[in-house]
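Results of the structural survey
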Amino acid sequence: MKAKNLAIIILQHNTPEHVSNNLAKLQQAELPENTEIIVVNNGGNQANQKVKSESYNQLNVKFFDTPNHGFPAGNNFGMEQLQNPISKYDFIAFINPDIQIQPKTLKHLIEYMEAKPNVGITSPKLVYPDGVVQDNYRVFPKPLDLVIKRVPFLRKRFTNRMRKYLMWDRKTNSNQAVDWVTGAFTLFSSKCLQSVGEHNQKDYFLFMSDVEICRKAWEEGYEVHIVGSTKALHNDQRVSSGGMKDIFTKKIIRIHIWDSIKYFAKNIFKPLPKNAPSNQTNS
């Protein structure tokens with residue numbers, strides 16, 4: 001691992017237990033010699049004060065609070081609190097609080113990207129506590145994909161379409177280029193992040209900013225890879241789970257739908273990035 005400077009942004013919303021577990025695993029990990037960690041409490045009940053100090057006393061961690069203006073805004077706020085400009089870091093990681101890495105997860109990802117300078121964004125294999133591998137990699141969505149995914153009888157009717165969109169046939173231990181990876185755990189090269197810019201907080205509150213930033217990476221000549229040869233545990237709360245019948249009872253689903261509408265309004269008539277894997281498959 002040649003990288004010397006790593007920034008890690010952890011954005012929480014009143015989940016201090018998750019943050020404590022996350023930091024405890026980072027404390028045991030192989031990290032670059034200069035690793036700076038920013039923990040942002042994106043609203044919540046004094047959550048930063050409840051993070052266990054023994055979980056991070058050997059790390060360079062700074063804690064900040066900001067009103068909850070959404071996931072993209074919180075991550076952008078975290079970047080603004082870094083000691084140095086983005087250009088001074090080799091890599092920048094955005095890690096959800098409910099992630100627990102293994103000792104070599106970040107080391108493996110960094111070495112992978114150092115060996116492949118054209119790769120600008122990576123994510124490891126994410127595994128639920130029950131051992132199921134999360135589909136944190138997707139094909140660029142079309143509106144119907146998101147509708148089918150939420151309606152059980154449509155999922156059964158259009159199984160092949162879901163198989164393609166969610167990449168069910170992919171070998172989970174493989175390393176490969178994908179259209180996009182979810183924002184639960186992303187590692188950016190500094191050059192890629194400088195090229196694509198910050199997360200889009202103007203258009204999105206919680207969802208779709210990860211799709212858009214991966215799309216920008218492909219447009220700027222950087223590849224997005226899922227690295228299945230390394231992994232992390234994801235205690236995912238699956239906040240957006242639910243079907244169309246839950247629209248009126250779960251605010252989070254309404255946010256997902258609204259963010260999706262804004263994404264498609266911006267991108268529906270734009271061609272896919274020419275080098276994106278799904279574009280190569282369709283050509």
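These notes cover the structure that comes with them.

The rules behind the values
Residues numbered from 1 in each chain as written. Predicted model: local features only at pLDDT ≥ 70, side-chain atom pairs only at ≥ 80, totals over all residues. Heavy atoms only, no water. Helix = DSSP H or I, 4+ residues; strand = E, 2+ residues; numbered from the N terminus. Rg over C-alpha atoms; globule rule 2.2 N^0.38 Å. Buried < 20%, exposed > 50% of the residue type's maximum accessible area, 1.4 Å probe, protein only. Contact = heavy atoms within 4.5 Å. Areas by Shrake-Rupley, 256 points an atom, 1.4 Å probe, with all protein chains shown as cover. Lys, Arg positive; Asp, Glu negative; His and termini not counted. Charge placed at Lys NZ, Arg CZ, Asp CG, Glu CD. Axes fitted to C-alpha atoms, helices over the stretch in contact; angles between N-to-C directions. Parallel < 35°, antiparallel > 145°, perpendicular 65-115°, else oblique. Nonpolar A, V, L, I, M, F, W, Y, C, P; charged D, E, K, R; others polar.

Attention now moves to the overall build of the protein. In terms of regular secondary structure, the protein is built from 10 helices and 11 strands. The C-alpha atoms of the protein give 18 Å as radius of gyration, which agrees with the globular expectation for 283 residues (19 Å, within 12%). Looking at the protein as a whole, 52% of its 283 residues qualify as buried. Contacts in the protein between residues at least 24 apart in sequence constitute 80% of all its contacts with a sequence separation of at least 6. When the accessible surface of the protein is summed, it comes to about 13,500 Å², and 52% of that surface belongs to carbon and sulfur atoms. Measuring between centres, the 37 positive side-chain charges of the protein sit 6 Å from its 26 negative side-chain charges.

Moving on to the packing of helix 8 (residues 209–219) against helix 9 (residues 251–267). Following both chains from N to C, one finds helix 8 and helix 9 inclined at 25 degrees, their axes separated by 10 Å at the closest point. With respect to helix 9, the axis of helix 8 lies roughly parallel. Between helix 8 and helix 9, the contacting residues are Val-211, Glu-212 and Arg-215 on the first element and Tyr-263, Lys-266 and Asn-267 on the second. Here the residues of the contact of helix 8 with helix 9 sort into two nonpolar, one polar and three charged.

Moving on: unusual backbone geometry. You will see that Gln-46, though not glycine, has its phi angle at about 50 degrees, which is positive. Mapped onto the fold, Gln-46 is located in the loop between strand 2 (34–42) and strand 3 (61–66). Looking at Gln-46, the relative accessible area reads 54%, which means it is exposed. Positioned with a positive phi, Met-167 is a non-glycine residue whose angle comes to about 55 degrees. Within the element layout of this structure, Met-167 appears in the loop between helix 6 (159–165) and strand 8 (175–177). The exposure class of Met-167 is buried, given its relative accessible area of 15%.

Read these as geometric descriptors, not functional statements.
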